[in-house]
Every structure is written in structure tokens, then in C-alpha cells.
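Spelled out, the chains give:
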Amino acid sequence: MKTNRTVDHLVIGLGGLGSGAAYWLARLGQEAGRDDVIVGLEQFELGHDKGASHDHSRIIRYSYHTTEYVRLASEAYETWDAVSSEAGEELVVRTGGIDLFPNNSAIPIIGYTKSLDEVGVAYEVLDASETMRRYPQFKLKSDVVVLSQADTGIAPAIKGTSAHHRLAARRGVELYAGVAVEKIISDGAGDLTVVTSDCVYRTGSVIMCADGWSNELLKDLDVQIPLEVTREQVVYYPTPDTDLKSFSIGSFPVWIWMDNPSFYGFPVYGDLAAVKAAEDVGGQPTTARTRSFATDDAALQRLTDFLGQTLPAMVGTTAPRVKTCLYTLTRDRDFVLDTVPGHPGLQVGLGSAHGFKFASWFGRSLAERALTGTTRSAIHPFRFDRPAITDQDFVPNYMT
Ligand SMILES: Cc1cc2nc3c(=O)[nH]c(=O)nc-3n(C[C@H](O)[C@H](O)[C@H](O)COP(=O)(O)OP(=O)(O)OC[C@H]3O[C@@H](n4cnc5c(N)ncnc54)[C@H](O)[C@@H]3O)c2cc1C
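Residues numbered from 1 in each chain as written. Predicted model: local features only at pLDDT ≥ 70, side-chain atom pairs only at ≥ 80, totals over all residues. Heavy atoms only, no water.

A. Highlighting the sheet that holds strand S13 (residues 199-203). Pairing within the open sheet is mixed, and its 4 strands lie in the order S1-S13-S12-S11. At either margin of the open sheet sits one strand with a lone partner, and together these are strand S1 (3-6) and strand S11 (181-186). Between one strand axis and the next, the sheet turns through 15° on average, direction left out of account. With 4 bridges connecting them, strand S12 (residues 192-196) and S13 associate as antiparallel partners. Its bridge partner lying in S13, Leu-192 is registered against Thr-203. (Pairing = 2+ DSSP bridges. Helix = DSSP H or I, 4+ residues; strand = E, 2+ residues; numbered from the N terminus. Axes fitted to C-alpha atoms, helices over the stretch in contact; angles between N-to-C directions.)

B. Structural context of the packing of aromatic side chains. A full pass over the atoms with the stated rule returns 24 aromatic pairs. Measuring from centroid to centroid gives 6.0 Å for Phe-44 and Trp-213, while their planes differ by 65°, and the two rings are edge-to-face. With Phe-44 in the loop between strand S3 (38-42) and strand S4 (58-60) and Trp-213 in the loop between strand S14 (206-208) and helix H6 (214-218), this residue pair connects regions lying 169 residues apart in the sequence. According to the relative accessible area criterion, Trp-213 is buried, its value standing at 10%. Of the aromatic side chains, those joined through ring pairs into one cluster are Tyr-64, Tyr-69, Phe-335, Phe-358, Trp-361, Phe-362 and Phe-382. The side chain of Lys-50 reaches across the aromatic face of Phe-44, ending 4.9 Å from its centre. Geometry around Tyr-64 places Arg-61 over its ring, the cationic atom sitting 4.1 Å from the centre. (Phe/Tyr/Trp six-rings, centres within 6.5 Å; stacked < 30°, edge-to-face > 60°. Buried < 20%, exposed > 50% of the residue type's maximum accessible area, 1.4 Å probe, protein only. Lys NZ or Arg CZ within 6 Å of the ring centre and 35° of its normal.)

C. Region of the structure containing the site of the ligand. The local shell around the ligand holds 32 residues, among which Glu-42, His-48, Ser-53, Ile-59 and Cys-325 are the closest. Within the backbone of Cys-209, an N or O atom sits 3.5 Å from an oxygen atom of the ligand. Taken by itself the ligand offers 1,000 Å² of open surface, and the protein chains cover 97% of this. At the level of elements, helix H1 (16-31), S3, S4 and strand S20 (321-330) are the ones that each hand at least two residues to the shell around the ligand. Examining the composition of the shell around the ligand, we find that 3 residues originate from one element, S20, more than from any other. Among the residues forming the shell around the ligand, the class breakdown is 19 nonpolar, 9 polar and 4 charged. (Near = heavy atom within 4 Å. Polar contact = N/O pair within 3.5 Å; in protein donor to acceptor, adjacent residues only side chain to side chain. Areas by Shrake-Rupley, 256 points an atom, 1.4 Å probe, with all protein chains shown as cover. Nonpolar A, V, L, I, M, F, W, Y, C, P; charged D, E, K, R; others polar.)

Structure follows, in C-alpha cells:
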């Protein structure tokens, strides 16, 4: 027999984004003198590795290709700093970062420098020789131009997500792991019903942050977001001890190779015996429900060949360790942060495979909208009624 409950807010999915929403709903509600009943539901165990928010590190940066993202990046740092101070732990590690643009790169530097200039974020443009003087680990052709920004760093995915869980629970949010949402029912006028195996929840406010599983939950409402789910992999190269120090924070930056294929990497962090690197959008299409955890050998070879050219000391003789993870991509690679058209009270938050740095910001913005109907942030680019979602002929572009 299913129980029936009426709650003020229900969050579906407790990865980086959903856990952020659970935390900020409680915090902002309590700061406004409210005592809302907030429930968070997660189909797997908290902190699991089947979605997109596990592993030690994610890149956080101001350097983005539009002024909107650069401005939001400052809110991303701000929201993580707010959570850090309440959690009493460091949830953003500033390491310095370089974006490398080879000649005629698929991702032009102008979008980045123009956006940083407009917002007034300091950065440097370096040539290849100056970059190699600062970071001798790199072997670069002379035509590579580099954007260096001091605030780029690491947003620890596991730590940040579990800090959201811990603080949300401490503020009275009911978090249930191992509870899958089977169905969302909407009367189209703000009355929402969420059905699980043992409970039927009635509420006027649902925040869905289900990433790769989003369309599974939206299909009963005849809503589908054009999304591609890919199985991505990150690789830990067990660099010889002799070189490990030179890849540590302070000696080595977060880096992104801004071309197609695009690669990125980190200084040593979390896994202290290896250096992490990966390819952006190098994975095979899959679904969140049927994905495998197998290594893509061709992708691994592509990355290792690139590193052999560009960061040769990183590639030792010991076999690297591979972890897989899911990307869920909108066709313009922009986020979704909006109310589902025709279903007031039902919000979707989706990070389009670059959302972890913004996870706490997503949480705050979704919570503000649930509590007050609006948010302080500029979210217009992330609405449902945009060509990448509504135009069937929209051509996907993930290289931004
Ligand atoms: C390899 C890799 C590298 C990345 N690098 C970066 C980076 O450097 N910087 C950056 O900012 N971002 C990066 N990202 C993207 C970022 O990690 C994601 O955008 C972000 O983690 C998405 O968080 P989420 O909470 O939306 O998704 P998830 O963590 O996948 O959470 C969704 C949750 O919903 C739950 N769920 C789904 N359906 C149901 C249901 N029916 N009932 C109950 N629960 C349900 C799932 O179990 C899951 O826990 C990277 C992603 C990957 C995979």
C-alpha cells in the first residue's frame, strides 16, 4: 500500500545539481523564515558513480566563450564559497589555468578574450615559448596561443556533492537514496504528483535534475528535450614519481586544448599517484539506463597519443586507470534551467556536460524560482523555447 504525502518541494535526482537545489531550498527558505517540508529522491546510493557527478575533480573557470557564462561563473564561485564556509571545507581549489589555442583552432580565442574583457576579468595571453618557460612540461608548436587565468581551478565533485547532502540534511531536508521516481503527473495548473514504488507525493514544486535520465521522466508529460547522452572517460596516468612533483598544484595548471578533438587535464589532485586527463565529447552515444562501464580503447589511444606529443613526461610505462562517466548534451551545449512549458511548478536543471562548476549556482537559482517565482540570475539563454530545443533541424554543436 503506497503512502500519500503532501510536501512543499520535491527534488528528483541528488547528483551535483539536485543536491545543490535541496541545500539552497532549505537555506533560502529558512533565511526567509519559512519551515518548508523538502524531500529529495535518488534512485541509487548517494555519491554513486553511474551518472555525471562522481570522481575527484571538475574544472571551474571564468574563461568562457560568452559574457553570460563569464558573469554566471562569478556566481558559481560565490555559491561554492557560501557552501564552503558553512561546510568548513574547501570546495574550490584555485590552481591557475591555461586554455591552449593552436593555429586555426576549432574553438576561436576571440570569444573568450572578448567576454573576459567585457566583464572585466583579468587574464594574460601568452605565446608558446612563454608558456613553456612557465610550464616546461608542455611541448608546444610556436603557433599555439595561450589564455592564462589565475582563478581557474578544481571543483571537487565528490566533496562538493556530499557537502550539499550533509548540509541539506542538517537543515532538515529528507534525503532518500535508493528511491526511484516512476512517474510525474501534472494537471497543467500547478498541481503535481510524483509517484515512487512506496509513496505518492503531492506538491506544487518539483525540481528535476536527472541529467541523462531526464527524458525518461518527461515522456509521461509528452515532453522531450533533444539530448545526446555519451559515455565519456577520464584517465589517470600513473606518472613516474620523479615527475609527479612537477605535475602538482603550483607547478602545473588546469589546462584545456581548444581544438577538435579537445582535451583537458588537471594537476595531481585526489588520486595522488597519477595525473588526470581526458577528451571532451570523445565518447560513444549511449543511454543512461543501458550504458556500459567499459574502456573505449580507441579514445584512450587518441588521448595517449596527444599527451605523448604535448605532455610527454605524463605518459609512463604503467597502464593508466580509466573511469567512465555520462555526458548529457543539449544541441547548443547550453544549460536548461526553466519551468517545463505547460507544467507550472515543474522545473528542470540540466548542465549539458559542463555544469558541475555551476552545481551550487543551479541549486540556488532553481530554489529562488521555487520560493519566489524568480531568480537574481540571468537565465534567459537556458529557456525551453530556444531553437536547440524547439527546432527539429537544429544542427548540434558541442565545441564551444
Ligand atoms: C567526464 C566528465 C567530465 C566533466 N568535466 C566537467 C568540468 O570539468 N567542469 C564542469 O563544470 N562540468 C564537468 N562535467 C559535467 C558535470 O559533471 C555535469 O554537468 C554535472 O555533474 C551534472 O550533474 P547532475 O546532478 O545534473 O547529474 P547527475 O550527477 O548524473 O545526477 C542526476 C541524478 O538523477 C538521478 N535520477 C535519475 N532518474 C531518477 C529517477 N527516476 N528517480 C530518482 N533519481 C533519479 C540519477 O540517479 C542521478 O544521481 C563533466 C562530466 C563528465 C562526465
